[in-house]
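# Descriptive structure summary
One letter stands for each residue in the lines below.
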2 protein chains.
Amino acid sequence: MTPQARTIHHIAREQRHLAWDNTIAPVLTIDSGEIVHIDAVEASGGQLGPDSTLENMATLDFAACDPVQGPIYVRDAEPGDTLQIEILELKTADWGWTAVIPGFGLLADEFLEPALKIWRLQDGYAEFTPGIRIPLEPFCGEMGVAPAMPGAFSTIPPAQNGGNIDTKHLTAGSTVYLPVLAPGALFSIGDGHAAQGDGEVCGTAIETPMQITLRLTVRKDLQVPELQYCTAGPLTPRTNTAPYYATTGYSTDLMDAARKAVRNMVDYLGRTYGLSRADAYMLCSVAADLKINEIVDAPNWIVGAYMPTSIFQR
Amino acid sequence: MTPQARTIHHIAREQRHLAWDNTIAPVLTIDSGEIVHIDAVEASGGQLGPDSTLENMATLDFAACDPVQGPIYVRDAEPGDTLQIEILELKTADWGWTAVIPGFGLLADEFLEPALKIWRLQDGYAEFTPGIRIPLEPFCGEMGVAPAMPGAFSTIPPAQNGGNIDTKHLTAGSTVYLPVLAPGALFSIGDGHAAQGDGEVCGTAIETPMQITLRLTVRKDLQVPELQYCTAGPLTPRTNTAPYYATTGYSTDLMDAARKAVRNMVDYLGRTYGLSRADAYMLCSVAADLKINEIVDAPNWIVGAYMPTSIFQR
């Protein structure tokens with residue numbers, strides 16, 4: 001995809017910040033409709049690299065994780081408007097990482113030890129082990145605008161301003177809508193993911209530096225209460241090519257149901273493919289999708305974890 | 001699909017029951033691996049028909065809803081085994097219904113009035129309004145075995161025995177696994193759905209009488225803690241053919257996040273397609289999928305409601 005526009009702005013990987021805060025000075029000011037190219041560091045902010053080992057996990061500073069590149073001030077954007085973000089192009093680096101970080105993730109109480117997987121990304125795939133490969137479907141986990149409220153807010157939880165939305169369907173070609181909450185919108189982006197399952201259950205995806213090209217447009221004619229988007233096309237076209245194996249959890253509580261579904265998938269992957277529990281948990285995070293199958297048959301809801309069998313070559 | 005087997009057993013639409021109860025006498029006893037053809041009444045148990053109107057909703061007896069056909073005793077099935085259910089063929093009737101039932105559904109506090117939609121099902125589609133049509137992807141909302149515990153349990157909530165699982169991905173060609181909890185498994189099935197979104201948010205799908213053909217096999221070599229399955233192929237192949245429009249909800253509570261996502265989709269459908277709120281809510285129930293996009297970026301989770309744009313012809 002070759003964006004056609006008079007001006008293409010650039011943001012370098014050093015131009016980043018670690019909080020959502022409407023007093024952070026913009027690194028760039030653009031007109032509505034202009035295109036920006038961004039060189040984004042991965043989620044560890046450079047603490048991990050292609051040669052990292054489990055030892056590097058011991059010194060990982062969680063407070064320095066999930067930086068975002070920006071902010072970008074868009075002229076004429078006012079609170080009450082909508083910021084339209086067209087994701088024009090996304091290019092991963094040739095490596096990525098996935099980790100189990102103690103104290104973080106859906107099954108944090110059950111996975112107490114750190115684990116780290118360094119991936120080689122090539123020919124459109126990330127190989128997990130021989131016979132298991134994940135097609136790359138890159139997107140950015142972080143996308144947000146400055147909040148209306150004064151103060152410095154963590155980049156970890158998402159909120160009305162977007163932020164760490166970790167929504168796998170925002171691949172190149174998608175159009176994203178966020179409410180403008182502060183003058184100029186003050187948009188930032190980062191947290192490149194080469195692939196992820198719906199839920200990102202172990203807390204990390206295939207984390208990778210990302211080259212991002214996007215167009216930012218102020219929409220005065222549109223109001224959204226929080227994140228909305230139109231996807232680029234059919235969902236997960238590269239993995240939705242064969243049957244899925246699904247485990248489920250039923251519970252009176254959706255969180256509990258999700259935990260059961262993932263726990264059952266970890267068991268299934270161990271039994272069927274001989275994966276260690278940590279490997280199975282990370283594979284769930286990068287490839288299995290959490291769906292709410294039913295949420296009305298009181299008092300029990302069902303959450304399913306869907307693993308695409310297309311990733312298994314054996 | 002023409003099942004090849006020596007014996008095909010039959011269950012008539014009168015052979016049904018209204019509770020999960022391991023003391024209900026089986027209507028059929030079969031060997032493991034045999035095929036059964038079932039003529040299933042729809043979820044109202046015959047209270048609603050192709051000519052029903054809103055007036056019929058006033059006298060709808062909710063306690064008579066969600067009957068299941070069976071039970072089927074499978075020889076040699078013992079607690080601790082797994083019952084494998086191969087869904088060989090599913091045929092809807094030529095009509096179906098969707099309703100807003102006061103007091104029931106994800107947004108029950110906001111939809112206080114009953115609503116009823118009668119569908120004509122033909123040529124593989126259900127037309128909602130001119131320009132909006134839903135491809136039929138039939139499955140059965142109810143599928144379960146008798147519980148281990150004595151007693152009569154409602155067919156509305158799903159549980160370890162399966163039951164009202166309302167899982168849209170169990171179309172013909174899928175293979176379902178349920179734990180055997182009582183001798184003979186005592187399998188029953190019903191609640192035909194011509195199409196449904198993940199979540200079934202208004203509480204009803206396109207409810208339709210269903211002709212079901214399935215094979216039941218006792219698996220002594222397999223243990224499942226609760227419902228698991230392998231889908232027939234790629235997910236929702238008839239609707240996943242174009243972009244999706246997604247609304248989201250973020251919250252510290254997944255239920256609240258799901259409600260926000262659906263509320264935002266109802267607003268979007270009203271604004272974009274001019275649908276009434278009740279129509280938009282029912283369209284969400286039969287066509288929009290709820291996904292847990294992230295469940296780890298504490299303290300806020302994101303649920304997305306995904307509406308396939310492929311259902312809109314205009």
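Residues numbered from 1 in each chain as written. Chains lettered and ligands numbered in written order. Predicted model: local features only at pLDDT ≥ 70, side-chain atom pairs only at ≥ 80, totals over all residues. Heavy atoms only, no water.

## Re the overall build of chain A
Here is the rule we go by: Labels follow the DSSP assignment, with helices taken as runs of H or I lasting at least four residues and strands as runs of E lasting at least two, numbered in each case from the N terminus. Both definitions apply: the radius of gyration is a C-alpha atom measure, and the globule rule equals 2.2 Å times residues to the power 0.38. The buried label goes to any residue with under 20% of its type's maximum accessible area, the exposed label to any with over 50%, and the partly exposed label to all in between, with areas taken from a 1.4 Å probe on protein chains only. Reported accessibility uses the Shrake-Rupley method at a 1.4 Å probe radius. Residues are deemed covered only where the shown protein chains occlude them.
For chain A, the helix and strand inventory stands at 3 helices and 21 strands. A compact globule built from 314 residues would reach a C-alpha radius of gyration of about 20 Å, and chain A, at 19 Å, matches this within 12%. Seen along its three principal axes, the alpha-carbon backbone of chain A occupies a region of about 55 × 50 × 35 Å. Within chain A, buried positions represent 62% of all 314 residues. Of the roughly 10,800 Å² of accessible surface on chain A, a fraction of 51% belongs to carbon and sulfur atoms.

## Overview of the environment of Leu170(A)
Residue and element names in this part refer to chain A. The test is simple: Note on contacts: a residue pair qualifies if any of its non-hydrogen atoms lie within 4.5 Å across the two residues.
Mapped onto the elements of the fold, leucine 170 is located in the loop between strand S14 (162-164) and strand S15 (175-179). Considering only alpha carbons, one finds leucine 170 and proline 138, 32 residues apart in sequence, at a separation of 8.3 Å. Residues within four places of leucine 170 in sequence aside, it is in contact with Ile87, Leu90, Pro138, Phe139, Met143, Ile165, Val176 and Tyr229.

## Re the domain arrangement of chain A
All names here are of chain A. We apply this condition: Boundary definitions for the domains trace back to an automatic or database domain assignment. What counts as buried area is the accessible surface, traced by a 1.4 Å probe, that two parts surrender upon association, with contributions from both included. In the sections that follow, a salt bridge refers to a side-chain nitrogen of Lys or Arg positioned within 4 Å of a carboxyl oxygen of Asp or Glu. Any N or O atom pair separated by 3.5 Å or less is treated as a polar contact, with the protein-specific requirement of one donor-capable and one acceptor-capable atom, and with residues adjacent in sequence counted only for side-chain atom pairs. Gly is put with the polar residues, along with every residue not named as nonpolar or charged; the nonpolar set is Ala, Val, Leu, Ile, Met, Phe, Trp, Tyr, Cys and Pro, and the charged set is Asp, Glu, Lys and Arg.
Structurally, chain A comprises domain 1 (8-230) and domain 2 (244-311). The centre of domain 1, based on its C-alpha atoms, is set 25 Å off from the matching centre of domain 2. Taken together, the two surfaces of domain 1 and domain 2 that pack against each other cover about 2,100 Å², and 69% of this comes from carbon and sulfur. Of all residues in domain 1, Leu106, Phe111 and Phe128 give up the largest surface area on contact with domain 2, accounting jointly for 27% of the area buried on that side. Scanning the region where domain 1 abuts domain 2 turns up 3 salt bridges. When the shortest N-O distance is used, the salt bridge between arginine 277 and glutamate 110 registers 3.9 Å. Our enumeration of links across domain 1 and domain 2 arrives at 16 residue pairs in polar contact (both at pLDDT 80 or more). Elements that contribute at least two residues to the side of domain 1 that touches domain 2 include exactly strand S8 (95-100), strand S9 (115-122) and strand S11 (132-135). For the side of domain 1 that touches domain 2, the leading source of residues is S11, giving 4 residues. When grouped by side-chain class, the residues that make up the side of domain 1 that touches domain 2 number 18 nonpolar, 8 polar and 6 charged.

## Quick look at the relation of the copies chain A and chain B
Under the convention used in this document: When the copies are superposed, the least-squares fit takes in the C-alpha atoms of residues with a pLDDT of at least 70 in both.
When chain A is brought onto chain B, the operation consists of a screw motion whose angular component is 180 degrees and whose axial shift is 0.0 Å, with 0.0 Å RMSD remaining. On this basis, the relationship between the two copies can be described by a two-fold rotation axis. No C-alpha of chain A lies nearer the rotation axis than that of Lys291(A), which sits 2.2 Å from it. An overlap of 100% is found between the interface residues of chain A and their copies at the interface of chain B, pointing to a shared contact surface.

## Here we look at a negative patch on the surface
Just so we agree on the cut-off: Like-charged residues within 9 Å of one another, or nonpolar side chains (Val, Leu, Ile, Met, Phe, Trp, Tyr) within 5 Å, are grouped into patches, provided each residue has over 30% relative accessible area and no salt bridge. The sign given to each residue is positive for Lys and Arg and negative for Asp and Glu; His and the chain ends receive no count. Taken as the charge location is NZ of Lys, CZ of Arg, CG of Asp or CD of Glu.
On the surface, Asp253(A), Asp256(A), Asp253(B) and Asp256(B) cluster together into a negatively charged patch. On the secondary structure map, Asp253(B) appears in the loop between strand S19 (244-251) and helix H2 (254-273).

## Here we look at the pattern of salt bridges
One pass over the full model with this rule turns up 20 salt bridges over all chains. In this structure, Arg120(A) and Asp94(A) form a salt bridge, with 3.3 Å as the shortest nitrogen-oxygen distance. Of this pair, Arg120(A) sits in strand S9 while Asp94(A) sits in the loop between strand S7 (82-92) and S8, and the two are 26 residues apart along the sequence. Residue class for Arg120(A) comes out partly exposed when judged on its relative accessible area of 48%. Take Asp94(A): its relative accessible area is 41%, and that puts it in the partly exposed class. For Arg215(B), the salt bridge identified is with Glu86(B), shortest N-O distance 3.3 Å.

## Focus: the nonpolar core
Rule in force here: The set of buried Ala, Val, Leu, Ile, Met, Phe, Trp, Tyr and Cys residues whose side-chain atoms join them within 4.5 Å is what this entry labels a nonpolar core.
With 102 residues, the main nonpolar core has Leu269(A), Leu283(A), Leu269(B) and Leu283(B) as its most contacted residues. Ignoring sequence-local partners within four residues, the contact set of Leu269(B) consists of Gly274(B), Leu275(B), Ala280(B), Leu283(B), Cys284(B), Met307(B) and Phe312(B).

## Observations concerning the packing of aromatic side chains
For the record, the criterion: Classification of ring pairs uses Phe, Tyr and Trp, with its six-membered ring standing for Trp, and accepts pairs whose centres are within 6.5 Å; under 30 degrees between planes counts as stacked, over 60 as edge-to-face, and the remaining range as tilted.
Counted under the stated rule, the structure contains 16 aromatic pairs over all chains. An angle of 5 degrees between the planes, with centres 3.9 Å apart, marks the rings of Tyr273(A) and Phe312(A) as stacked. In this pair, Tyr273(A) sits in helix H2 (residues 254-273) while Phe312(A) sits in the segment after strand S21 (301-308), placing the two residues 39 residues apart along the sequence. Residue Tyr273(A) shares its accessibility class with Phe312(A), and that shared class is buried. An aromatic cluster is built from Tyr177(A), Tyr245(B), Tyr268(B), Tyr273(B) and Phe312(B), whose rings are joined through pairwise contacts.

## Describing helix H3 (residues 277-287) of chain A
Within H3(A), 8 of the 11 residues are buried, leaving the element largely enclosed by the surrounding structure. Within the span of H3(A), buried status applies to Ala280(A), Tyr281(A), Met282(A), Leu283(A), Cys284(A), Ser285(A), Val286(A) and Ala287(A).

## Some words on the sheet that holds strand S9 (residues 115-122) of chain B
Residues and elements named next belong to chain B. The criterion, for reference: Here, any two strands with at least 2 DSSP bridges between them count as paired. Only the contacting stretch of a helix is used when fitting its axis, a line to C-alpha atoms as for every element, and angles between N-to-C directions run 0 to 180 degrees.
One open sheet holds the 4 strands; their spatial order is S8-S9-S10-S11, and the pairing between them is antiparallel. Single-partner strands in this sheet number two, and they are strand S8 (95-100) and strand S11 (132-135). For this sheet, the mean inter-axis angle between neighbouring strands, taken without regard to orientation, is 30 degrees. Examined bridge by bridge, S8 and S9 share 6 bridges and lie antiparallel to one another. The residue bridging glycine 96 from the neighbouring strand is tryptophan 119, located in S9.

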